[in-house]
Amino acid sequence: MFALVVRFDLKDEESAKAFDALVAETGIEIRAREPGTLIYATHSVEGEPLARVFYECYADREAFEAHEVQPHVIRFHKEREPYTQDARVEFLTVGPSKGLGSLNA
């Protein structure tokens, strides 16, 4: 498995609305076209209305790389730029978990 967390800090409320709409559109394509994307969960942050956190889990590194070159993902990366003031990506090493398939306990 291959997983990451991304935090986006948005510019203002208008940017947050546009960003959320873009995320919703992108999510439809991810669900329809990416069998190797196991989890693509997007969250707002309690108490921080201009922050969003994504948790992404892929079958393997190759599935992540396939995700990154999808037209809908390329569009997302390009179109999100005017709405964000910062983004931070953290790649994860999956440890003992529940609900992520057959991982070591």
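Further up the page is the structure itself.
Thresholds applied
Residues numbered from 1 in each chain as written. Predicted model: local features only at pLDDT ≥ 70, side-chain atom pairs only at ≥ 80, totals over all residues. Heavy atoms only, no water. Helix = DSSP H or I, 4+ residues; strand = E, 2+ residues; numbered from the N terminus. Rg over C-alpha atoms; globule rule 2.2 N^0.38 Å. Buried < 20%, exposed > 50% of the residue type's maximum accessible area, 1.4 Å probe, protein only. Pairing = 2+ DSSP bridges. Axes fitted to C-alpha atoms, helices over the stretch in contact; angles between N-to-C directions.

Re the overall build of the protein chain
In terms of helices and strands, the protein chain carries three helices and four strands. Ordered by position in the sequence, the α and β elements of the protein chain form the string β-α-β-β-α-α-β. What you see for the protein chain is a C-alpha radius of gyration of 14 Å, in line with the 13 Å of a compact globule of 105 residues. A total of 105 residues make up the protein chain; the buried ones form 31% of that total.

Description of the sheet that holds strand β4 (residues 84-92)
Spatial strand order, β2-β3-β1-β4: four strands in an open sheet with antiparallel pairing. Both edges of this open sheet fall to β2 (37-45) and β4, since each of them pairs with a single strand only. Strand-to-strand twist in this sheet, taken as the mean axis angle between neighbours without regard to direction, amounts to 15°. When strand β1 (residues 2-10) meets β4, the two strands line up antiparallel, connected through eight bridges. If you follow D9 over to β4, its bridge partner there is D86.

The analysis is restricted to geometry; functional conclusions fall outside its scope.
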